[in-house]
Amino acid sequence: MSDKEIDETTGVETTGHSWDDIRELNNPLPRWWLIVWYISIVWAIGYWVVMPSWPGITGYLKGTRNHSERANVEVAVAELDAQRADATRRLLTAPNMEAIENDPDLQAFALAAGESLFGDNCATCHGAGGQGFKGYPNLNDDDWLWGGKLEDIRQTIRYGIRSDHAQAHLSLMQAYGAGGLLPRETVDDLVHYVRSLSGQEHDEAAAMRAAPVFQVQCVQCHGAEGKGDQSQGAPNLTDPIWLYGGDAMTIRETLWNGRGGVMPTWEGRLSEEEILALAVYVHSLGGGE
């Protein structure tokens, strides 16, 4: 004998299940829902046949349509490259920055490409807006260690600084203290002399004692007046712009241990047109010469 009953209120047969004295009604599914369900089954079977679907031991079912998103991406990239071909050619043959700036379409192309490349490759060190951090140059000012002209920036990006490339920029900030070149008290005096060059608070007597030392040890790179030399990557010591910091403690650390930050080479990782577009973008950040 079946334990299913007819619900007195609704007149619907129950399933025989009961939870906390609540009986489950055996209502049939709506017809529209069943129709949609059957259509979904038919659609799924058809999709398996037409499109790539089930994995196998050595591959997968490719479907009668032989659809491939990888192939579609390759076609889309080829089409994009074809669209950019003329702008890329004009960018690579532009003689100077002025020629690029005088061609609004070409400049817009270079800036758009350069901004994307900067975000992918440079923002980690220099910041999203190129503002830099301690040890990583601010690209928004007009203070350039190796020159801020378009070709200078292009060369720096291509070969790097103290990188593993044979044509990389090379310079050396001596470790005057750690290397035993100068005694501790002389390094301390030299800190005051360097701070005096940029008009910062300093001990005048210590600066005077260090002046002859600066002329012997530092002028070859920084110049007699401390204004630096872009051909050697030697910073200008007379302005308020400091790569590592201009406070007395940081300057002493620089003099004692030296500095040797590395800018990687992007040749081989970026194409020639990408390097040029990136140089145009960096030049536009506000500090290009």
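Residues numbered from 1 in each chain as written. Predicted model: local features only at pLDDT ≥ 70, side-chain atom pairs only at ≥ 80, totals over all residues. Heavy atoms only, no water.

A. A look at the side chain of Arg 158. Residue position: Arg 158 is located in helix 6 (residues 150–159). For Arg 158, a relative accessible area of 10% corresponds to the buried category. A polar atom in the side chain of Arg 158 sits 2.3 Å from the side chain of Glu 272. Setting aside residues no more than four positions away along its own chain, Arg 158 makes contact with Glu 151, Thr 265, Trp 266, Glu 267, Glu 272 and Ile 275. (Helix = DSSP H or I, 4+ residues; strand = E, 2+ residues; numbered from the N terminus. Buried < 20%, exposed > 50% of the residue type's maximum accessible area, 1.4 Å probe, protein only. Polar contact = N/O pair within 3.5 Å; in protein donor to acceptor, adjacent residues only side chain to side chain. Contact = heavy atoms within 4.5 Å.)

B. The arrangement of helix 11 (residues 272–284) in detail. The end-to-end C-alpha distance of helix 11, which contains 13 residues, comes to 19 Å, matching closely the 18 Å that a straight helix rising 1.5 Å per residue would cover. Taken as a whole, helix 11 has its buried residues at Ile 275, Leu 276, Ala 277, Leu 278, Ala 279, Val 280, Tyr 281, Val 282 and His 283. Looking at the packing, one finds that the buried side of helix 11 touches helix 2 (69–93), helix 3 (97–101), helix 4 (104–121) and helix 6. (Expected span 1.5 Å × (residues − 1).)

C. Fine view of the packing of helix 4 against helix 11. The geometry of helix 4 relative to helix 11 is characterised by a closest axis approach of 7 Å and an angle of 90 degrees between their N-to-C directions. Between helix 4 and helix 11, the interaxial angle falls into the category roughly perpendicular. Where helix 4 abuts helix 11, its residues Ala 110, Leu 111, Ala 113, Gly 114, Glu 115, Leu 117 and Phe 118 lie against Glu 274, Ala 277, Leu 278, Val 280, Tyr 281, Val 282 and Ser 284. Classifying every residue of the contact of helix 4 with helix 11 by side-chain character gives ten nonpolar, two polar and two charged. (Axes fitted to C-alpha atoms, helices over the stretch in contact; angles between N-to-C directions. Parallel < 35°, antiparallel > 145°, perpendicular 65-115°, else oblique. Nonpolar A, V, L, I, M, F, W, Y, C, P; charged D, E, K, R; others polar.)

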